[in-house]
Amino acid sequence: MSERRAAITALGTYVPERVLTNADLEKMVDTSDEWIRHRTGIETRHLVEPGTPTSDLATRAASEALRRRGISAAEIELIIVATVTPDMVFPATACFVQDKLGAKRAWGFDISAACSAFPYALTMGAQFVQSGAHRKVLVIGADVMSSIIDYTDRATCVLFGDGAGAVLLEPAEDGTGVLDFAHEMDGSGACYLHMPAGGSRQPATHESVEQRMHYVKQQGQHVFKYAVRKFADASEHILHKNGLTGRDVDLFVAHQANIRIIEAAQHRMGLPDAKVVKNIRDYGNTTAATIPLALATALDQKRLKAGDLVLLAAVGAGFTVGTVLVRWSGIAWD
Ligand SMILES: CC(C)(COP(=O)(O)OP(=O)(O)OC[C@H]1O[C@@H](n2cnc3c(N)ncnc32)[C@H](O)[C@@H]1OP(=O)(O)O)[C@@H](O)C(=O)NCCC(=O)NCCS
């Protein structure tokens, strides 16, 4: 019998029906399908109807995970929501999800780590399971990026989409589950990717709205260079820490921010295409939702089976960096 770990025992995802294509964006800003595909790998993204809160997407993804596991929301003990687009500044989006799900016994909270939020939240949830404090924990990555994107700014509006993914964590003693994590933070990078207004530093004013300060601002090239370096460095670091190399990895599930960032890390680790999940073409960057959505893509493509070694990696605003190693458990998938 090996030590108790937190195993992913169910997965659920949700993306809204409405699709925004590169052709649609060509009509909105000075861009082209060719530029977007070549520079980012994105062809479509899914967007909510305006006014749809993140908790709606999160609840749908969580409900699907519970249905697949065949358990009721009343059994959930803890809900962690990773998001950069909470329903409100407070209360936490986890509160809205708890109410909508009817998870009457659960407590919970949100995690704000932008694009690295899912690995951070997974790590956090795993601690509660490994310690024996909880037996059923929902970790949800959900973002309505369309609520904070400026659709007149071609440098950002082509990149992002909306979506959600939820995993259920339960104790396992069969060697599967979360094996290790290695996270980093470099707050000196905050100036390169942020939303300037709406917080305590710059509360909402007529001026802040007129100056479009309630939208994502990004210096793309700087973020790109940092992400290319950090994806590979952080992935190699967690592998080395565990006496592993790229050859031991069965599936690399990277945050989907730009196809060129994913492929740079892939090449540095020497991973063939068969070991790397890429679905940015269909969804764009859904921030906290990209990793669970990519896990779903891998399951749809039958590229993920019990016992596989999975490396999750993300780099995001902050800067934040998250890597998690998981020994995959067999889960129901339909
Ligand atoms: C945003 C990103 C795709 C831009 O690609 P890039 O190759 O770095 O391009 P640059 O920013 O250097 O811009 C090159 C040119 O394209 C232009 N451009 C920017 N967006 C454009 C668009 N949507 N359509 C057409 N041209 C565009 C720029 O204005 C610039 O023009 P110039 O040369 O006349 O000044 C890329 O930097 C990126 O992916 N960054 C990281 C994003 C990210 O991961 N964010 C989330 C955090 S995980």
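Residues numbered from 1 in each chain as written. Predicted model: local features only at pLDDT ≥ 70, side-chain atom pairs only at ≥ 80, totals over all residues. Heavy atoms only, no water.

A. Spotlight on the site of the ligand. As a structural note, the neighbourhood of the ligand is formed by 23 residues, with Thr31, Arg39, Gln218, Gln221 and Asn258 the closest of them. Separating a nitrogen atom of the ligand from a backbone N or O atom of Arg154 is a distance of 2.9 Å. At 2.6 Å from an oxygen atom of the ligand is found a side-chain nitrogen or oxygen belonging to Gln221. The protein chains hide 74% of the 960 Å² of surface that the ligand would expose on its own. (Near = heavy atom within 4 Å. Polar contact = N/O pair within 3.5 Å; in protein donor to acceptor, adjacent residues only side chain to side chain. Areas by Shrake-Rupley, 256 points an atom, 1.4 Å probe, with all protein chains shown as cover.)

B. Structural detail: the sheet that holds strand β8 (residues 177-185). Spatially, β8-β13-β12-β11 is the arrangement adopted by the four strands of the open sheet, whose pairing is mixed. Only two strands of the sheet have a single partner each, and these edge strands are β8 and β11 (251-254). Pairs of neighbouring strands in the sheet enclose a mean axial angle of 15°, with direction left out of account. Here β11 pairs with strand β12 (residues 309-316) via four bridges, running parallel. Residue Leu251 lies in a different strand from β12, and its bridge partner there is Val310. Where helix α5 (residues 117-130) meets the sheet, its contacts fall on β8, β12 and β13 (320-327), and the angle it forms with β8 comes to roughly 135°. (Pairing = 2+ DSSP bridges. Helix = DSSP H or I, 4+ residues; strand = E, 2+ residues; numbered from the N terminus. Axes fitted to C-alpha atoms, helices over the stretch in contact; angles between N-to-C directions. Contact = heavy atoms within 4.5 Å.)

C. Looking closely at the pattern of salt bridges. Inspection of the entire model under this criterion finds 19 salt bridges. Of the charged contacts, one joins Arg281 and Asp282 as a salt bridge, the two residues approaching to 3.2 Å between their closest N and O atoms. (Salt bridge = Lys/Arg side-chain N within 4 Å of Asp/Glu carboxyl O.)

D. Fine view of the pairing of strand β5 (residues 107-111). Of the pairings in the sheet, the one linking strand β4 (residues 78-82) to β5 comprises five bridges and is parallel in character. Bridging from a neighbouring strand, Val81 pairs with Asp110 of β5. Regarding topology, helix α4 (residues 93-101) serves as the crossover connection from β4 to the parallel β5, and that connection is right-handed. (Right-handed = clockwise from strand over helix to strand, strands pointing away.)

E. Inspection of the packing of aromatic side chains at higher detail. This structure, assessed with the given rule, holds four aromatic pairs. Between the aromatic rings of Trp107 and Phe128, the centroid separation amounts to 5.6 Å while the plane-to-plane angle is 80°, which identifies the pairing as edge-to-face. Of this pair, Trp107 sits in strand β5 while Phe128 sits in helix α5, placing them 21 residues apart in sequence. Since its relative accessible area comes to 41%, Trp107 is described here as partly exposed. Taken together, a centroid distance of 4.0 Å and an interplanar angle of 10° make the contact between Tyr226 and Phe319 stacked. Placement of the pair is Tyr226 in helix α8 (residues 220-241) and Phe319 in the loop between β12 and β13, with a sequence separation of 93 residues. Since its relative accessible area comes to 2%, Phe319 is described here as buried. Of the aromatic side chains, those joined through ring pairs into one cluster are Trp107, Phe109 and Phe128. Across the ring face of Trp333, the terminal group of Arg68 is positioned such that the distance to the ring centre comes to 3.9 Å. (Phe/Tyr/Trp six-rings, centres within 6.5 Å; stacked < 30°, edge-to-face > 60°. Buried < 20%, exposed > 50% of the residue type's maximum accessible area, 1.4 Å probe, protein only. Lys NZ or Arg CZ within 6 Å of the ring centre and 35° of its normal.)

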